[in-house]
Amino acid sequence: EPIGAIVLSKLGLDQFDDTDLHVLEVVAGKAAAACENVRLYAGMREAAEVSEALLDLGAALALQGSVDAVAVMLARAVDRLVESAAISVWLRSGSQMSLAAHSGYTPAEVRRLTEATVTVDDELFAGNIDSRAVTVCPPERAGALALHLDAVAPGTTFAVVPVGERAAKVVP
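Residues numbered from 1 in each chain as written. Predicted model: local features only at pLDDT ≥ 70, side-chain atom pairs only at ≥ 80, totals over all residues. Heavy atoms only, no water.

Trainee: Before we go on, may I ask you to explain the overall build of the protein in this structure?
Mentor: Scanning the protein from N- to C-terminus turns up four helices and five strands. Along the chain direction, N to C, the helices and strands of the protein fall in the order α-α-β-β-α-β-α-β-β. A compact globule built from 172 residues would reach a C-alpha radius of gyration of about 16 Å, whereas the protein, at 25 Å, exceeds it by more than 25%. In the protein, which comprises 172 residues, the share counted as buried stands at 29%. Restricting the contact set of the protein to residue pairs at least 6 apart, pairs at least 24 apart contribute 52%. Accessible area of the protein: about 11,200 Å², with a carbon and sulfur share of 58%. (Helix = DSSP H or I, 4+ residues; strand = E, 2+ residues; numbered from the N terminus. Rg over C-alpha atoms; globule rule 2.2 N^0.38 Å. Buried < 20%, exposed > 50% of the residue type's maximum accessible area, 1.4 Å probe, protein only. Contact = heavy atoms within 4.5 Å. Areas by Shrake-Rupley, 256 points an atom, 1.4 Å probe, with all protein chains shown as cover.)

Below, the structure written as structure tokens:
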């Protein structure tokens, strides 16, 4: 797959001979290989950063003695791993969801989110509450969460981590 172009010009017609073209092909091949190496290195570096963050999370979670402490550690880890304007960790209690930890919200938003009545049937949680998958979404798909947010810039996304009842039965 082409990743760029090398453009040469010379005054006059037929100014490039076969040797010139061969040298240009070699230079283009070397440049393409160097670009691919940079891309692969960046991918490896990103994978190493994610692995390190997950190892740090595992070690930190092993030391926590309460569900609230686990929620805080989870919010910090997701904040490190997912590019997002704000992160919230919600705990399930029956059919209700409650804010357990957060990052990136204004104090007013935190107050409104803490006071909010959000159910497991809310658009934001309904599809992933059982899988406990991290959901990254724009505000217009944030269901009840969006009702409690200040105005946000276009293109802003939010990550939400639902934690089901089984996870809430952690024995300290």
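Trainee: Help me understand the pairing of strand β2 (residues 96-103), please; the structure alone is not making it clear to me.
Mentor: The two faces of a sheet get side chains in turn, since along a regular strand they alternate between them. Relative to β2, strand β1 (residues 86-93) runs antiparallel, the two sharing seven bridges. If you follow arginine 92 over to β2, its bridge partner there is methionine 97. Hairpin connection from β1 to β2: two residues lie between these consecutive antiparallel strands, with glycine 94 at a positive phi of about 65 degrees. Two elements, β2 and strand β3 (residues 118-119), share two bridges in a ladder whose sense is antiparallel. Bridging across to β3, methionine 97 finds its partner in valine 118. (Pairing = 2+ DSSP bridges.)

Trainee: Any chance you could explain the environment of leucine 147 here in plain terms?
Mentor: Mapping leucine 147 onto the fold places it in the loop between β4 (135-137) and β5 (158-163). Between the C-alpha atoms of leucine 147 and valine 120, which are 27 residues apart in sequence, the distance is 16 Å.

Trainee: What exactly am I supposed to notice about the confidence of the model for the protein here?
Mentor: Regions with low pLDDT should not have their predicted coordinates read in detail. Overall, the predicted model of the protein reaches an average pLDDT of 80, with 90% of residues at or above 70. Looking across the protein, the model is least confident in β5, with a mean pLDDT of 67, and most confident in helix α3 (residues 107-115), with 91. This stretch, residues 166-172, has a pLDDT under 50; its non-local contacts, to residues over four places away or in other chains, come to seven contacts. (pLDDT = per-residue confidence, 0-100.)

Trainee: How should I be thinking about the side chain of histidine 148 in this particular structure?
Mentor: Looking at the secondary structure, you find histidine 148 in the loop between β4 and β5. Discounting residues that sit within four places of it in the chain, histidine 148 has contacts with Glu109, Arg112, Leu113 and Ala116.

Trainee: What is the right way to read helix α2 (residues 67-81) from this model?
Mentor: Every α-helix winds through 3.6 residues per turn, so residues three or four apart in the chain are directed the same way. Its 15 residues give α2 an end-to-end C-alpha distance of 21 Å, which sits within 8% of 21 Å, the value for a rise of 1.5 Å per residue. Buried within α2 are the following residues: Val67, Ala69, Ala71, Met73, Leu74, Ala75, Ala77 and Val78. (Expected span 1.5 Å × (residues − 1).)

Trainee: What am I meant to see in the nonpolar core here?
Mentor: Among soluble globular proteins, nonpolar side chains are generally buried collectively. Counting residues in hydrophobic clusters, the biggest one holds 19 residues, and the most contacted among them are Trp90, Met97, Tyr105, Leu113, Val118 and Leu145. Contributing elements (two or more residues each) for this core: β1, β2, α3 and α4 (123-126). Every residue in contact with tyrosine 105, bar those within four places of it in the chain, is listed here: Ala86, Ile87, Ser88, Val110, Leu113, Leu145, Leu149 and Phe158. Counting twelve residues, the second-largest nonpolar core is a separate cluster that includes Ala60, Ala71, Leu74 and Ile87. (Core = buried A, V, L, I, M, F, W, Y, C linked by side-chain atoms within 4.5 Å.)

Trainee: Looking at this structure, how should I read a nonpolar patch on the surface?
Mentor: On the surface, a cluster of nonpolar side chains totalling about 500 Å² of accessible area is made up of Ile6, Leu8, Phe16, Leu21, Val23 and Val27. Position of phenylalanine 16 relative to the elements: it lies in the segment before α1 (18-63). For phenylalanine 16, a relative accessible area of 35% gives the class partly exposed. (Patch = residues over 30% accessible without salt bridge, like charges linked within 9 Å, V, L, I, M, F, W, Y side chains within 5 Å. Salt bridge = Lys/Arg side-chain N within 4 Å of Asp/Glu carboxyl O.)

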